[in-house]
Amino acid sequence: MELFSDIWEFLNTLNFVDIVFFFAVLILMILIITLIYFIMVNKEEEQKEELEETAEMKIVKEIQENMGKEEPVVNFTQYEKDQEDKAIISYDELLNKKNNYSLNYETEEVNDDISIKKVNLDDLVNHNKEVVPKIDVRVISFAKEEAFLEALKRLQKELG
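Below: a short report on this structure. No experiment lies behind these values; they were computed from the predicted model shown. (Residues numbered from 1 in each chain as written. Predicted model: local features only at pLDDT ≥ 70, side-chain atom pairs only at ≥ 80, totals over all residues. Heavy atoms only, no water.)

1. A word on the overall build of the protein chain
Then, number 1: Secondary structure assignment for the protein chain yields six helices and four strands.
Then, number 2: Start at the N end of the protein chain and walk to the C end: the helices and strands fall as α-α-α-α-α-β-β-β-β-α.
Then, number 3: Counting the 160 residues in the protein chain, one finds 1% classified as buried.
Then, number 4: Taking the contacts inside the protein chain whose residues are at least 6 apart along the sequence as the reference set, 24% of them involve residues at least 24 apart.
Then, number 5: Carbon and sulfur atoms make up 60% of the accessible area of the protein chain, which amounts to about 16,400 Å² in all. (Helix = DSSP H or I, 4+ residues; strand = E, 2+ residues; numbered from the N terminus. Buried < 20%, exposed > 50% of the residue type's maximum accessible area, 1.4 Å probe, protein only. Contact = heavy atoms within 4.5 Å. Areas by Shrake-Rupley, 256 points an atom, 1.4 Å probe, with all protein chains shown as cover.)

Structure, rendered in structure tokens:
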């Protein structure tokens, strides 16, 4: 019990300024320890992030760094150039490049419900350039459309 009495006597001998200074130093030490702790935690998180970076992420990072340096030159082989020229990119291109190919037959025989056709080997492909007929689309007038809508509404009320 002498320890507590000694501490109490020591505190009684201190004046107000000494007590404020003591607590200020104590708070400063706590803040410094807290700051050091946060710095250590941030370093650990950065190390974890570096370890979690996969090989694909590293490749992407290198590509992004190297993209600004110079533009890559791609050398195509003749086969690749042909494939690039023949490639169909959009539906419109598909329709424009569409050809109606069919085999060119010389004769056709039917034996027991089996059709036998002789192919002309000199001219294998027959280009049929058939013109697709243009379809006229008719649109009803606004007044007729409104009348039709009203009739549908009346029918729905009668049924519902």
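2. Some points on the pairing of strand E2 (residues 105-111)
Then, number 1: Examined bridge by bridge, E2 and strand E3 (residues 114-119) share six bridges and lie antiparallel to one another. Paired with valine 110 across the bridge in E3 is serine 115.
Then, number 2: The turn joining E2 and E3, which pair antiparallel and follow one another in sequence, is formed by two residues; a positive phi near 50° is taken by aspartate 112. (Pairing = 2+ DSSP bridges.)

3. What to know about the pattern of salt bridges
Then, number 1: Considering all chains together, one arrives at one salt bridge under this definition.
Then, number 2: As a salt-bridge pair, lysine 118 and glutamate 106 come within 3.5 Å of each other at their nearest N and O atoms. On the criterion of sequence distance, the pair formed by lysine 118 in strand E3 and glutamate 106 in strand E2 is long-range, its members being twelve residues apart.
Then, number 3: We classify glutamate 106 as partly exposed; its relative accessible area is 44%. (Salt bridge = Lys/Arg side-chain N within 4 Å of Asp/Glu carboxyl O.)

4. Things to note about the packing of aromatic side chains
Then, number 1: Enumeration over the complete set of coordinates arrives at two aromatic pairs.
Then, number 2: Where tyrosine 37 meets phenylalanine 38, the ring centres are 5.8 Å apart and the plane angle is 55°; that geometry is what we call tilted. (Phe/Tyr/Trp six-rings, centres within 6.5 Å; stacked < 30°, edge-to-face > 60°.)

5. A look at a negative patch on the surface
Then, number 1: Together, Glu44, Glu45, Glu46, Glu49 and Glu52 give the surface a local cluster of negative charge.
Then, number 2: Mapped onto the elements of the fold, glutamate 49 is located in helix H2 (residues 16-52).
Then, number 3: Judged by its relative accessible area of 55%, glutamate 49 falls in the exposed class. (Patch = residues over 30% accessible without salt bridge, like charges linked within 9 Å, V, L, I, M, F, W, Y side chains within 5 Å. Lys, Arg positive; Asp, Glu negative; His and termini not counted. Charge placed at Lys NZ, Arg CZ, Asp CG, Glu CD.)

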